[in-house]
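For reference, the chains in residue letters:
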Amino acid sequence: MDSVIGEVGGKVLLMVLFPCGMLLARLRDTNNSHSVIDYIDFFEWNFGLNLFRKLFPVILTDNASEFSNPMAIEFSPVTRERGTWVFSCEPNAAWQKGNIENNHTNLRRILPRKTSFNSLTQDDIDLVLSHLNSYNRKLFDDIPAITRFNSIFGKDILRKMNISLIDPDEVIIDKQLLKGKI
């Protein structure tokens, strides 16, 4: 889990990367621990504690301030049971969560650094995620992350999150995807 900043002081993305390569993101108005906790709680409220535990057995973050309340992330807001374990990388050790950092590179092809996210909606972010996750990855034998995710967790999760498979010939991984929005 990591945050991607657009314009300083503007909207921010909370990124979640699964081992299968699937990337999820939530557009947040502020970059604070409360907004992170709200997003994590969203999963339990929408999918239940058992599926939450399956999705998030462990969460790896950096030491940024938005991840400063790991206990609120780890325990269910409904049952107060432990739902996950949160671990933080060592300071200045981005290599400890290298896969999410590599995914930022693809994201930045669509949303370049210092691009304001203020005019974007969650639907825009879902469109970006649909394209990023439909991209064939050599690391996964040219199988899109979305296909791998669906084979593990089923299609209902992504359908409820407004993310869908894009035909490989129609995948756009550059800023033209949101033409006129950024």
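Presented here is a report on the structure given in the accompanying data block. (Residues numbered from 1 in each chain as written. Predicted model: local features only at pLDDT ≥ 70, side-chain atom pairs only at ≥ 80, totals over all residues. Heavy atoms only, no water.)

A few points about the environment of Ile-152
Quick reminder of the rule: Under the scheme used here, helices are H or I runs from DSSP no shorter than 4 residues and strands are E runs no shorter than 2 residues, and both carry numbers assigned from the N terminus. Any two residues having at least one pair of non-hydrogen atoms within 4.5 Å are treated as being in contact.
Note on placement: Ile-152 falls in helix 5 (residues 145–153). C-alpha of Ile-152 to C-alpha of Asp-169: the two residues are 17 residues apart in sequence and 24 Å apart in space. In contact with Ile-152, not counting residues within four places along its chain, are Cys-20 and Lys-54.

Quick look at helix 4 (residues 122–134)
Let me state the cut-off plainly: A helix is expected to reach a length of 1.5 Å times the quantity of its residues less one. Relative accessible area decides the class of each residue, using a 1.4 Å probe on protein chains only: under 20% of the type maximum gives buried, over 50% gives exposed, and in between gives partly exposed.
If you check helix 4, its first and last C-alpha atoms are 18 Å apart, about what 13 residues at 1.5 Å a residue would give, namely 18 Å. Burial within helix 4 is extensive, with 11 of its 13 residues counted as buried. Those residues of helix 4 that sit buried are Gln-122, Asp-124, Ile-125, Asp-126, Val-128, Leu-129, Ser-130, His-131, Leu-132, Asn-133 and Ser-134.

Here we look at the pattern of salt bridges
Applied cut-off: Salt bridge, as applied in this entry: a Lys or Arg side-chain nitrogen positioned within 4 Å of an Asp or Glu carboxyl oxygen.
Applying the stated criterion to the full structure yields four salt bridges. Put simply, Glu-81 and Arg-53 hold a salt bridge, and the shortest N to O gap is 3.3 Å. One end of the pair, Glu-81, is in the loop between helix 2 (70–74) and strand 5 (85–88); the other, Arg-53, is in helix 1 (residues 33–55), and 28 residues separate them in sequence. Since its relative accessible area comes to 38%, Glu-81 is described here as partly exposed.

Observations regarding empty space enclosed by the protein
Basically, it comes down to this: Buriedness of a pocket was judged along seven lines, with at least five required to meet protein on both sides within 12 Å; pockets are open sets of points on a 1 Å grid over the protein atoms alone, cavities are sets where a 1.4 Å probe fits but cannot get out, and lining residues have an atom within 4 Å of a point. Grid points are joined across faces, edges and corners, and a volume is the space filled by probe spheres set on the points. Under the grouping applied here, Gly and all other residues not named as nonpolar or charged are polar, the nonpolar ones being Ala, Val, Leu, Ile, Met, Phe, Trp, Tyr, Cys and Pro and the charged ones Asp, Glu, Lys and Arg.
Counting across every chain of the model gives one cavity of 30 Å³ or more. Roughly 40 Å³ of volume is contained in the largest cavity. Lining the largest cavity are Ile-40, Asp-41, Glu-44, Phe-52, Ile-73, Glu-74, Phe-75, Ser-76, Pro-77 and Gly-83. Those elements giving two or more residues to the lining of the largest cavity turn out to be helix 1 and helix 2. Counting residues per element, the lining of the largest cavity draws most heavily on helix 1, which supplies four residues. Grouping the amino acids of the lining of the largest cavity by side-chain chemistry returns five nonpolar, two polar and three charged.

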